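Take a look at the letters that make up each chain.
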Amino acid sequence: MKQPSKRSNNRHSQTSTGKIHLEKNEQVDKSEYTENIMFTKKQKIATLVKNTLQLALGLLIIMLFLSMARMITSYFGSTFPASILGMLMLFVALSLGIIKLNWIEFTGNLFLKYLALLFIPIGVGLINYFELIAEHWLVIVFSLFFTTLLTLFMVGHCYQWLTREEG
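Describing a nonpolar patch on the surface
Judged by side-chain polarity, Phe106, Leu110, Tyr114, Leu117, Ile120, Val124 and Ile127 come together as a nonpolar surface patch covering roughly 660 Å² of accessible area. Going through the elements one at a time, α3 (101–113) and α5 (120–126) are the ones with two or more residues in the nonpolar patch. Turning to its location among the elements, Ile127 is positioned in the loop between α5 and α6 (130–135).

So, the confidence of the model for the protein chain
Here the protein chain shows a mean pLDDT of 83. Residues at 70 or above account for 76%. pLDDT under 50 marks residues 4–14. Its contacts with residues more than four places away, or in other chains, come to 13 contacts.

Some words on the packing of aromatic side chains
Under the criterion given, the structure shown has three aromatic pairs. Both rings, one in Tyr75 and one in Phe76, keep their centres 5.1 Å apart while their planes meet at 80 degrees; by these two values the pair is edge-to-face. Phe76 matches Tyr75 in its accessibility class, with the two residues each being exposed. With centroids separated by 5.1 Å and ring planes inclined at 80 degrees, the aromatic side chains of Phe145 and Phe146 adopt a geometry described as edge-to-face. Each residue in the set Phe142, Phe145 and Phe146 is aromatic and connected to the rest through ring pairs, giving one cluster.

Let's talk about the nonpolar core
In a soluble, globular protein the nonpolar side chains are often hidden away together inside. Membership of the largest hydrophobic core is limited to ten residues, which are Ile61, Phe65, Ala69, Ala82, Leu85, Met89, Leu90, Ala93, Ile99 and Ile104. At the level of secondary structure, the elements contributing two or more residues to this core comprise α1 (30–76) and α2 (82–96). Per-element tally for this core: the top contributor is α2, with five residues. Setting aside chain neighbours within four positions, we find Ile104 in contact with Gly58, Ile61, Leu90 and Leu94.

Quick notes on the rules
Every residue gets a number counted from 1 within its own chain, in the order that chain's sequence is written. Local features in a predicted model are, by the rule used here, given only for residues with pLDDT of at least 70; side-chain atom pairs are given and counted only at 80 or more, and totals for whole chains, interfaces and linings are based on all residues. Side-chain measures here rest on the full set of heavy atoms in the structure, leaving out hydrogens and waters. Two distance rules govern patches: like charges are joined within 9 Å, and nonpolar side chains (Val, Leu, Ile, Met, Phe, Trp, Tyr) within 5 Å, applied only to residues with over 30% relative accessible area and no salt bridge. Every accessible area reported is derived by Shrake-Rupley at a probe size of 1.4 Å, with residue values counting cover from the shown protein chains alone. Basic side-chain nitrogens of Lys or Arg form a salt bridge, by our definition, when they fall within 4 Å of a carboxyl oxygen of Asp or Glu. Per the convention used, a helix needs a DSSP run of H or I reaching at least four residues, while a strand needs a run of E reaching at least two, with both numbered from the N terminus. A score from 0 to 100, pLDDT tells how confident the predictor is in each residue. What makes two residues a contact is simply this: any of their non-hydrogen atoms within 4.5 Å. Only Phe, Tyr and Trp rings are paired, with Trp represented by its six-membered ring, and only when their centres lie within 6.5 Å; those with planes under 30 degrees apart are stacked, over 60 edge-to-face, the remainder tilted. Think of it in three bands: with a 1.4 Å probe and only protein chains considered, a residue is buried below 20% of the maximum accessible area for its type, exposed above 50%, and partly exposed in between. Only buried residues count toward a nonpolar core, which is a set of Ala, Val, Leu, Ile, Met, Phe, Trp, Tyr and Cys residues joined through side-chain atoms within 4.5 Å.

Next up, the structure:
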């Protein structure tokens, strides 16, 4: 048996006295009705401003760690990728509580939502090196296969070691 919907259709009519008749014969002042509509518009604007500020704060923090990592790698002349070093530094800051997760969570979720889109330029750029890939395909497949196996092996052993320590 179907239950009646709790959602209102917002059917209303206005009388000459300035009262609004709702679906259930309830009467509401016109000014109160407009206040409710304005309140929802204000809520939408407030949510938009809040999300914009959260995005800006998250981007600022992430870019700050990336910039620090770039300065470190250029100062020491390291070939270690600055993006990886920046991620590690951000992880340490999050783990130590220097940076709060909710400061960057909105931005991180937004990046993860559109992550596949960010790989399109890389995939297109691989076409430029098709001859090189075709020449060394065996080494590439071999390294992909064995590094995947090595990663699975190490993760499995680390998991077993951690669960054995917990008892």
